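# Observations on the model geometry
In case you want the letters, here they are:
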Amino acid sequence: MSKQPIVVLPVAPPPSLWRLFLGFLMIGATSLGGGVIAYLRTGLVVRYRWLDDTTFVELMAISQSLPGLNATNMSILAGDRLRGWPGALVAALGMCLPGASLMTAAAFVYGVGGDDPVSLAFLHAIAAGAVGLITVVMVQLGAKMLTEIADYVFVVLTAVLVALFHVPVPYVLVGMAAIAIWWHRPRKTVEGKAAKDVQPKDPAS
Amino acid sequence: MKQLLDLATVFGYISLLTVGGGMAAFPELKQLTVDTYHWVTFPELMHYYSLGQLAPGPNMMMVASIGAQVAGLPGAAVVLVAFILPTGLLTFGVGRLWNRLANWPWRPAIQRGLGGVAVGLVLAGGIVLARGAITDAKSVALAVGVFVLLMFTKINPAIPIVASGLIGIGLYLI
């Protein structure tokens, strides 16, 4: 995922609820293979021109700081900006419906054919492939989020506590987040100004 | 009814752990759905997760598969609402507050602090998945192959994942 130039296009008037739903349904149905954020940017900023890039990056930053799936959070935030709470609702629905319907159907198909050895060979192999995929996602997330040695220490500590010592995730999440946020706490500089804000690099890429 | 309630509780809880992506919640998802409630086996969970990577939209819509396997269509619906609604409301609220927080000095601290923890949780999820999925030399080769392809080309991730599956079938039939 390379850096994309900031696009400044005239923003179109907010769409009707129905158009908004269809727009997100289209993105939700076509964003194959993960990386939904890239599809969202292409749709919302470039194709429909409902948002400009600055707004998109800002909504991205909020999505990434909160629990919840990035694509769902982005849909809620963008929908709210465009059409208030009904917009947030239809945007999230449109985004999730296609994938959710397919995965519901997958469960029924799996129930019928999941024990077949050829299906199992396929499923075991894509699980191995998924390990490769999640490693890439982690490296890319890390490249954006980790800025100093201490961040890497937080990564390793968090992973070791959860995966090796089986400490329940909420304890690790709350404990490590408290330490890490305190580490990055706002500090006064010599001139008495607040420390310079360092945003995650190019969250839209 | 009890089962639908359990589904709602578990998936509402898990949704709150998806900081940095769905994978961050994978260790707890495995613990609850496989070890505590026995709704799915670990291989089933891995298979649904991997299939979910091939579906369009958010990458954790595979939770609907677990709901459907446990309690049919109502199960899928309950799981989806429980998984999306709590964090959705939180995002909605914070989204409206965000502009007021623009100059709040703790905001960048929270973003940076959560960044490292989020990557760590995704790593932990990857380790749990790998423990189940990486079982022999063949699976190591597939994982490394997908990693290298996605790291160094701009290919759509669905392509090498499907290719892995086809290679898996090919090796089985040989």
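Residues numbered from 1 in each chain as written. Chains lettered and ligands numbered in written order. Predicted model: local features only at pLDDT ≥ 70, side-chain atom pairs only at ≥ 80, totals over all residues. Heavy atoms only, no water.

For Arg107(B), the location among the structural elements is in helix α5 (residues 106-133). There is no salt bridge for the buried Arg107(B), and the closest opposite charge comes from Glu58(A), which lies 6.2 Å off by N-O distance. Beyond its immediate sequence surroundings of up to four residues, Arg107(B) is in contact with Trp98(B), Leu101(B) and Ala102(B). (Helix = DSSP H or I, 4+ residues; strand = E, 2+ residues; numbered from the N terminus. Buried < 20%, exposed > 50% of the residue type's maximum accessible area, 1.4 Å probe, protein only. Lys, Arg positive; Asp, Glu negative; His and termini not counted. Salt bridge = Lys/Arg side-chain N within 4 Å of Asp/Glu carboxyl O. Contact = heavy atoms within 4.5 Å.)

The next point concerns the environment of Asp116(A). You can see Asp116(A) is positioned in the loop between α4 (70-113) and α5 (117-145). Residues Asp116(A) and Ala78(A) lie 38 residues apart in sequence; the distance between their C-alpha atoms is 43 Å.

Two quantities define a packed helix pair, namely the angle between the axes and the distance from one axis to the other. All names here are of chain A. In contact at an axis separation of 11 Å, helix α2 (residues 36-47) and helix α3 (residues 53-65) are set at 150° when each is read in the N-to-C sense. Seen along the crossing, α2 lies across α3 with a hand that is right-handed. Taking contact as the criterion, the partners of Ile37, Leu40, Arg41, Leu44 and Val45 in α2 are, on α3, Asp53, Phe56 and Met60. (Axes fitted to C-alpha atoms, helices over the stretch in contact; angles between N-to-C directions. Left-handed = near helix turned anticlockwise from the far one by under 90°.)

A separate point is the pattern of salt bridges. The tally for this structure, following the rule as stated, stands at six salt bridges over all chains. Asp80(A) is the salt-bridge partner of Arg96(B), the closest N and O atoms lying 2.7 Å from each other. Placement of Arg96(B) in helix α4 (residues 63-97) and of Asp80(A) in helix α4 is noted, with the two residues assigned to different chains. Under the relative-accessibility criterion, Asp80(A) is labelled buried at 14%. Here Lys2(B) and Asp6(B) are joined by a salt bridge, their closest N and O atoms 2.8 Å apart. With Lys2(B) and Asp6(B) both in helix α1 (residues 2-15) and four residues apart, the pair spans about one turn of that helix. Among the residues examined, Lys2(B) registers a relative accessible area of 58% and is labelled exposed.

In this model, chain A carries an average pLDDT of 84, and 85% of its residues clear a pLDDT of 70 or more. Note that residues 190-205 of chain A has pLDDT below 50 and, in this model, 32 contacts with residues that lie over four places away or in other chains. (pLDDT = per-residue confidence, 0-100.)

Here the focus is the nonpolar core. One finds Phe11(B), Phe26(B), Leu29(B), Leu45(B), Tyr49(B), Met62(B) and Ile66(B) to be the most contacted residues of the largest nonpolar core, which totals 83 residues. With 12 residues, the single largest contributor to this core is α5(A). In contact with Met62(B), not counting residues within four places along its chain, are Met103(A), Leu29(B), Leu45(B), Tyr48(B), Tyr49(B) and Gly52(B). Counting 27 residues, the second-largest nonpolar core is a separate cluster that includes Phe21(A), Ile37(A), Val45(A) and Leu51(A). (Core = buried A, V, L, I, M, F, W, Y, C linked by side-chain atoms within 4.5 Å.)

What follows covers the interface of chain A and chain B. Taken residue by residue, the interface counts 91 residues in chain A and 94 residues in chain B. Counting the surface chain A buries against chain B, the share from its top three residues, Leu69(A), Met103(A) and Tyr110(A), is 8%. The tally of links between chain A and chain B comes to two salt bridges. The partner of Glu148(A) in a salt bridge is Arg112(B), and the shortest N-O contact between them spans 3.1 Å. Our enumeration of links across chain A and chain B arrives at 13 residue pairs in polar contact (both at pLDDT 80 or more). Mapped onto the side of chain A that touches chain B, the elements with two or more residues apiece are α1 (17-30), α2, α3, α4, α5, α6 (149-164) and α7 (169-183) of chain A. (Buried area = accessible area lost by both parts, 1.4 Å probe. Polar contact = N/O pair within 3.5 Å; in protein donor to acceptor, adjacent residues only side chain to side chain.)

Bringing the packing of aromatic side chains into the picture now. Between two aromatic rings, the relevant description is the distance of the centres plus the angle of the planes. All names here are of chain B. On inspection of all chains with the given rule, the structure shows eight aromatic pairs over all chains. When the centroid spacing of 6.5 Å and the interplanar angle of 15° are considered together, the rings of Phe11 and Trp39 count as stacked. Taken as a pair, Phe11 in helix α1 and Trp39 in the loop between α2 (26-36) and α3 (42-52) lie far apart in primary sequence, 28 residues in all. Judged on exposure class, the residue Phe11 and its partner Trp39 are both buried. An angle of 15° between the planes, with centres 4.5 Å apart, marks the rings of Tyr37 and Trp39 as stacked. The exposure class assigned to Tyr37 is partly exposed, which follows from its relative accessible area of 32%. (Phe/Tyr/Trp six-rings, centres within 6.5 Å; stacked < 30°, edge-to-face > 60°.)

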